[in-house]
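Working through the structure, step by step
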Amino acid sequence: MPTLNRKIDAPVLDADPFDETHLADPYPLHELLREAGPVVFLERYQVWAMARHDEVHASLTDHGTFCSSRGAGLSDFHKEKPWRPPSLLLEADPPDHTVVRTAMGKVISPRTVRGFRDTFRAVAEDLADELVARGGFDAVTDLAERYPLKVFPDAVGLPSEGRENLLPYGALAFNAFGPRNTLLEDALAKAAPVQEWIWASCQRDALAPDGLGARIWEAADNGEITHEQAPMLVRSLLSAGVDTTVYGIANTVQALAANPDQWARLREKPSLARFAFDEALRYESPVQTFFRTTTRDVEVSGVRIPEGEKVLLFLGAANRDPRKWGPDADRMDITRRAAGHVAFGMGIHQCVGQPIARLEAELVLTALAERAGHLEPTADPVPKLNNTLKGWSSAPVSVRAT
Ligand code: 4IA
């Protein structure tokens, strides 16, 4: 084991952040980690961890020292075979990363995203009409899973058959960043047909001629990327673009329902929708954790981390660090300046799909805020366990028309 004879000048903790208790409610552990020190060592996984905003932010923006090409999960690609060919975006460093990231940035340009607005709005308004007329709905299964699962696959140009594979694929991809616990084993056991459909849907002949998928293939025709890279980048859209938005929208609606004063503010001023989403991402970050690997010996806030070590970054904890957000960091406040949260990451890997996620959230929240008077939980939300994602499998609410 790498720790034999290793001098560790950081607090050593035996907590398992990937056990069911901490995945269901990570916030007590986050506080413990932040208070223990700027850098801690997690005995169980033999990894370093940071949970304060300053150190998490600094590591994310120092991609030369904290690299991604050895995997953004617990598994070190130098030592273990990845469960799938590594992502050309997420699990890559410059200069390779720069080429594909530039091409993806052009595919998901502000102009492309503006082009989605009218269709995305119409779907959001129909859905909000239906849910408000019903008088109650599940914020996860009736809203957050239905909306992105309609508009995003359409925007990519995916075949309509087989879309039920998208959520299981996301659950697998995000569990796979964690340890081989039962969550990951269960997801891997069902993975083969799901992975097969995903890969088939990344090929040129499967994709509608006017969608984001086809735009990626055109980037290959133009020589911006290779034709071998194109299906891998479509795969990135399908890995990163579905569950993240489902969890993000569900967490936002759940948090608004559970905080009636915040819902009242949004109802009075639906143009706050974008701010409400940012604050919800800070308050309950869908992507809770990520790993980097050190490329050299480095000192962080007085702690020496050797080369070739995995470092676990607690994005969700950084987003509630009172050192950054003040004493009410644990409170949802949609008028707070939430800019600077790391829910989309930070630095060269910062979410490339961000404008699409923001558009979806803005439209669905605006449609709801314009129609719904009261919005209240009718039962406790049920945690959905995943090694990376924080959210709910169910969050029932009652709603009344304005
Ligand atoms: C990819 C971090 C998360 C949103 C993510 C997951 C997968 C990929 C990128 C980002 O497969 O490229």
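A brief report on the enclosed structure follows.

How each quantity is defined
- Residues numbered from 1 in each chain as written.
- Predicted model: local features only at pLDDT ≥ 70, side-chain atom pairs only at ≥ 80, totals over all residues.
- Heavy atoms only, no water.
- Helix = DSSP H or I, 4+ residues; strand = E, 2+ residues; numbered from the N terminus.
- Rg over C-alpha atoms; globule rule 2.2 N^0.38 Å.
- Buried < 20%, exposed > 50% of the residue type's maximum accessible area, 1.4 Å probe, protein only.
- Contact = heavy atoms within 4.5 Å.
- Polar contact = N/O pair within 3.5 Å; in protein donor to acceptor, adjacent residues only side chain to side chain.
- Salt bridge = Lys/Arg side-chain N within 4 Å of Asp/Glu carboxyl O.
- Near = heavy atom within 4 Å.

Overview of the overall build of the chain
Helix and strand counts for the chain come out as 18 helices and 13 strands. Against the compact-globule benchmark of 21 Å for 402 residues, the chain has a radius of gyration of 21 Å, which places it among compact chains. In the chain, which comprises 402 residues, the share counted as buried stands at 59%. Restricting to contacts in the chain with at least 6 residues of sequence separation, those with at least 24 account for 73%.

Regarding the side chain of Gln-262
Structurally, the position occupied by Gln-262 is in helix H14 (residues 260-268). At 3.1 Å, the side chain of Gln-262 and the side chain of Asp-261 are in polar contact. Ignoring sequence-local partners within four residues, the contact set of Gln-262 consists of Leu-256, Met-332, Asp-333 and Ile-334.

Some details on the pattern of salt bridges
Under the definition given, this model contains 30 salt bridges. In this structure, the salt-bridge partner of Arg-265 is Asp-333, at a minimum N-O distance of 2.8 Å. With Arg-265 in helix H14 and Asp-333 in the loop between helix H17 (322-325) and helix H18 (354-371), this pair connects stretches of sequence that are 68 residues apart. Taken together, the salt bridges that share partners define one network made up of Arg-265, Glu-279, Arg-282, Asp-328, Arg-331, Asp-333 and Arg-336.

Here we look at the site of the ligand
Around the ligand sit Arg-84, Ser-87, Leu-90, Phe-174, Ser-236, Ser-239, Ala-240, Thr-244 and Phe-290, and that is every residue in its neighbourhood. Within the side chain of Ser-87, an N or O atom sits 2.6 Å from an oxygen atom of the ligand. Here an oxygen atom of the ligand and a side-chain polar atom of Ser-236 are 2.5 Å apart. The element best represented in the shell around the ligand is helix H12 (residues 229-240), accounting for three residues.

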